[in-house]
Amino acid sequence: MLKRLLFSLTILTLTASFSFAQIDSVSIIGAATPGGWEADTQMEQDPMNPDLWTISIDLVTDELKFRANNAWDINWGATDFPTGIGEQNGPNIPAAGCPCDVTLNVVTGEYTFVSTAPTYNTIGLIGTGTPNGDFDTDVVMEQDPNVPWVYVIENISLTAGDVKFRADGAWDANWGGEAFPAGTGTMGGANIAVMGGDYKVTFNSATGEYDFELLIPLYESLGIVGSATEGGADMVTALTQNPNQLDEWSANVTLTDGELKFRAEDNTDLEWGNDAMDEFPTGTASLEVADAISVTAGDYSVTFNSTTGEYSFDDPLGIFNSIGIIGTATGLGFDEDIDMYVDPAQPDSWNVSLKFTDGVIKFRADNDWAVNWGDDGFPTGTGVQDGPDIQVFAGDWEVAFNSTTGEYSLTPLSIGILGTATPTGWDADTDLTASTTEGSIWTIAIDLTDGESKFRRDDVWTVNWGAVDFPAGTGTQDGDNIPIVAGSYNVTFNSSTGEYLFSTASGTSNVLSPNTVQLAPNPTSNELNIQVDAEELQRNATIRIFTTTGQLLNQYQFDSLENQTINVANLPNGMYFMQITANNYLVGKRFNVAK
């Protein structure tokens, strides 16, 4: 018994000696500290109690430990924060960022972190991206009972939009930032642009740190596969991910009678099927369900949500009668659209060549605000419904827009004329001037000699136009050289349709907007009604019908063109150009024949 008592006293003496004699300094270290894991931040010993060491320090949300003598021989760690008991070689301490007063007792291992930042009664998430949908009403966050400067929403459904954090339901203290899904908000900072989805949201009012943790699986690719798809059972037909709602996928597709499933990452283990195979055109698919979905042949806009499994096959998206550009940069303000031109082979692909001034634009469908797209990207971006105005800069631009995906691009543009009939021959372009009010219209006053010429874009032959007709015609890609008769001309060219007009300089020359003419029905199988709103074209008008390669098919002469009908029943299925000229005015329209 006496030996055991002496042994215990010896151990206590050694422990006390270890605690006091061998610890010369105590520091805090880790990714949460200013020095990271590479450099210690020294603590101060309490002059009244040598067991206590303290420090005031700015931390970020990450891990840290305490250690003695700038070495790992003696160190303290634990899993608790902001208070706990550190153990020798214990785990890293998960710290929440703060300007903190920190205390460590090297004998007991007890530590505390106390934030010195301002405190608030509540923290709320507010903005158009929240379920409330506005900047008037907060979604109140839950305060962490152990770390009172950390606030959490465990599960919230956000839509694409803007949000901020604010304190006590007022704007006196609010935080915003440009990073997503995680960042450090600054007081009065910019709105945080969020993507749609289900999130766990965490906010630290002491540091401004925030994190939007997506609660759904993310996939880099997703599509449809099966006998009903273009790729059959062996090739996935890709769907496009919504950049503002990462679990939503869509595409315009052509299907045959058959079956299909949804597949992610081209992995057969990530397939969605439906036990009720006949749930078409809408339903809910589930992962690892063996049964495929039975579909009916047709053209569809397919949408799929990889979180809920909901799917729909509807009429194709993005198909509109017209797409226009509107805004202050067009010269027409927000009162009138400049129409774009549709690609007949891809009815959701639109383009136009325009001269912009510094200003803003938006895209909209059918001359109405019911469907419109905007974004903050330039010269490329992805427009979203009711998105912000697109800031553009002065210049001549080739504008492309996809009405299904909302993707757009602006490419710098120039149009020139060259050839033996021009002053510079075939060696250099003479640039035309872009119209400030009409899309794709270019003009120049020029003296020409007998010879040939062509139009081309950006001083290279990649895109060029030519035809055999003079003084008016429709140029086609890599078409024939235009035969020129010497004279002084006002030249007008439409870079979207290829239409051109050489009018004598003594006359008036103008290419009118396609909006001045309405064709119906379009497509047509028999007759085409022509309604002309422009008075300049309503007397002594000539109508020419061309193929897409520039071949003249028919020509009509009318004394009056206020309301006329022509028969196109003899034309095979396809797209055609109609050119109307009168009194040195020109307008071009496209129409389709479908029987």
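Residues numbered from 1 in each chain as written. Predicted model: local features only at pLDDT ≥ 70, side-chain atom pairs only at ≥ 80, totals over all residues. Heavy atoms only, no water.

J.: An account of the overall build of the chain is needed here, citing residue identities and associated values.
T.: Helix and strand counts for the chain come out as 1 helix and 63 strands. Scaling as 2.2 N^0.38, a compact globule of 595 residues should have a C-alpha radius of gyration of about 25 Å, whereas the chain reaches 35 Å, well beyond that. When the backbone C-alpha atoms are referred to their principal axes, the chain occupies close to 130 × 60 × 45 Å. The contacts in the chain between residues at least 6 apart in sequence include a share of 59% that link residues at least 24 apart. (Helix = DSSP H or I, 4+ residues; strand = E, 2+ residues; numbered from the N terminus. Rg over C-alpha atoms; globule rule 2.2 N^0.38 Å. Contact = heavy atoms within 4.5 Å.)

J.: So what's going on with the state of the cysteines? Residues and values would help.
T.: Counting across every chain of the model gives 1 disulfide. In this model, cysteine 98 is linked to cysteine 100 through a disulfide, with the two sulfur atoms separated by 1.4 Å. Around the S-S axis, the bridge from cysteine 98 to cysteine 100 shows a dihedral of about -85° and counts as left-handed. A relative accessible area of 1% places cysteine 98 in the buried class. (Disulfide = S-S within 2.5 Å. Buried < 20%, exposed > 50% of the residue type's maximum accessible area, 1.4 Å probe, protein only.)

J.: So, the nonpolar core: which residues are in play, and what are the values?
T.: Counting residues in hydrophobic clusters, the biggest one holds 32 residues, and the most contacted among them are Phe66, Phe113 and Trp149. Of all the elements in the fold, those that place two or more residues in this core are strand S1 (26-29), strand S4 (52-59), strand S5 (62-68), strand S9 (93-95), strand S10 (98-105), strand S11 (110-115) and strand S15 (150-158). Tryptophan 149 has contacts with Phe81, Pro82, Ala96, Gly97, Cys98, Cys100, Phe113, Ser115, Phe203, Asn204, Ser205 and Ala206, leaving out every residue within four places of it along the chain. (Core = buried A, V, L, I, M, F, W, Y, C linked by side-chain atoms within 4.5 Å.)

J.: So, the pattern of salt bridges: which residues are in play, and what are the values?
T.: For the structure shown, the criterion picks out 10 salt bridges. Here arginine 67 ties to aspartate 40 by a salt bridge, and the two come within 2.7 Å at their closest N and O atoms. On the criterion of sequence distance, the pair formed by arginine 67 in strand S5 and aspartate 40 in the loop between S1 and strand S2 (41-42) is long-range, its members being 27 residues apart. Residue aspartate 396 pairs with lysine 355 through a salt bridge whose shortest N-O separation is 3.5 Å. Pair noted here: aspartate 396 is in strand S43 (residues 395-402) and lysine 355 is in strand S37 (residues 346-356), with a separation of 41 residues, a long-range link. Taking the relative accessible area as the measure of exposure, aspartate 396 reaches 19% and is therefore buried. What you see here is one network of salt bridges that share partners, running through Lys261, Arg263, Asp266 and Glu271. (Salt bridge = Lys/Arg side-chain N within 4 Å of Asp/Glu carboxyl O.)

J.: So what about the pairing of strand S58 (residues 527-532)? Which residues, and what values?
T.: Of the two faces of S58, only the one carrying Leu528, Ile530 and Val532 is buried; Glu527, Asn529 and Gln531 on the other face are not. Looking at chain direction, strand S57 (residues 517-520) and S58 are connected through 4 bridges and run antiparallel. Each bridged residue has a counterpart across the sheet, and for valine 517 the counterpart in S58 is valine 532. Taken together, the 5 bridges between S58 and strand S61 (residues 563-567) define a ladder with antiparallel strand orientation. Directly across from asparagine 529, in S61, lies its bridge partner threonine 565. (Pairing = 2+ DSSP bridges.)

J.: So what's going on with the confidence of the model for the chain? Residues and values would help.
T.: In the predicted model, the chain carries a mean pLDDT of 87, and 92% of its residues have values of at least 70. In the predicted structure, residues 1-21 sits below a pLDDT of 50 and forms 7 contacts with residues beyond four places in sequence or in another chain. (pLDDT = per-residue confidence, 0-100.)

J.: Go over the sheet that holds strand S51 (residues 472-474) with me, naming the residues and quoting the values.
T.: One key point about sheets: their strands pair by backbone hydrogen bonds, in either a parallel or an antiparallel sense. Within the open sheet, the 5 strands sit side by side as S47-S48-S54-S55-S51. Their pairing is antiparallel. Of all the strands in the sheet, just strand S47 (433-434) and S51 have a single pairing partner and so form its edges. When strand S48 (residues 441-448) meets strand S54 (residues 487-494), the two strands line up antiparallel, connected through 8 bridges. Following the sheet pairing, tryptophan 442 is matched in S54 by phenylalanine 493.

J.: How would you sum up the pairing of strand S21 (residues 197-204)? Please name residues and give values.
T.: For S15 and S21, the ladder comprises 7 bridges, and the chain directions are antiparallel. Counted as the bridge partner of isoleucine 156 is tyrosine 199 from S21. In this sheet, strand S22 (residues 209-214) lies alongside S21 in antiparallel orientation, the contact comprising 5 bridges. When the bridges of S22 are listed, tyrosine 199 appears paired with leucine 214. Hairpin connection, S21 to S22: the antiparallel pair is bridged by 4 residues, and glycine 208 has positive phi, about 85°.

J.: Describe the environment of glycine 327, and please don't skip the residues or the numbers.
T.: Assignment of secondary structure puts glycine 327 in strand S34 (residues 323-327). Classification of glycine 327 by relative accessible area gives buried; the value is 0%. Along the primary structure glycine 327 and lysine 362 are separated by 35 residues, whereas in three dimensions their C-alpha atoms are 6.3 Å apart.

J.: Quick rundown of the packing of aromatic side chains? Include the residues and the values.
T.: In total, this model carries 43 aromatic pairs according to the counting rule given. With centroids separated by 4.9 Å and ring planes inclined at 45°, the aromatic side chains of phenylalanine 81 and phenylalanine 113 adopt a geometry described as tilted. Taken together, the residues span a long stretch of sequence, with phenylalanine 81 in the loop between strand S6 (75-77) and strand S7 (83-85) and phenylalanine 113 in strand S11 at a distance of 32 residues. A relative accessible area of 12% places phenylalanine 81 in the buried class. (Phe/Tyr/Trp six-rings, centres within 6.5 Å; stacked < 30°, edge-to-face > 60°.)

J.: How would you explain the side chain of glutamate 499 if you had to name every residue and give the values?
T.: As for its placement among the helices and strands, glutamate 499 is situated in strand S55 (residues 499-504). Glutamate 499 has contacts with Gly473, Thr474, Gly475, Thr492, Phe493, Asn494, Met578, Gln579, Leu586, Val587, Gly588 and Lys589, leaving out every residue within four places of it along the chain.

J.: Describe the environment of aspartate 134, listing the residues and the values that go with them.
T.: Here aspartate 134 is to be found in strand S13 (residues 134-140). Linking aspartate 134 and aspartate 162, residues 28 residues apart in sequence, is a C-alpha distance of 9.1 Å. In contact with aspartate 134, not counting residues within four places along its chain, are Ile126, Gly127 and Thr128. Within the local environment of aspartate 134, its side chain forms a polar contact with the backbone nitrogen of threonine 137, the two atoms lying 3.1 Å apart. (Polar contact = N/O pair within 3.5 Å; in protein donor to acceptor, adjacent residues only side chain to side chain.)

J.: How would you sum up the sheet that holds strand S26 (residues 245-255)? Please name residues and give values.
T.: Read across the sheet, 5 strands follow the order S25-S26-S32-S33-S29 without closing on themselves; strand pairing throughout is antiparallel. Taken across any chain shown, the strands that pair with only one partner, and hence form the sheet edges, are strand S25 (240-242) and strand S29 (282-284). Averaged over neighbouring strand pairs, the angle between their axes works out to 20° when direction is ignored. Examined bridge by bridge, strand S32 (residues 298-305) and strand S33 (residues 310-314) share 4 bridges and lie antiparallel to one another. Bridging across to S33, phenylalanine 304 finds its partner in tyrosine 311. (Axes fitted to C-alpha atoms, helices over the stretch in contact; angles between N-to-C directions.)

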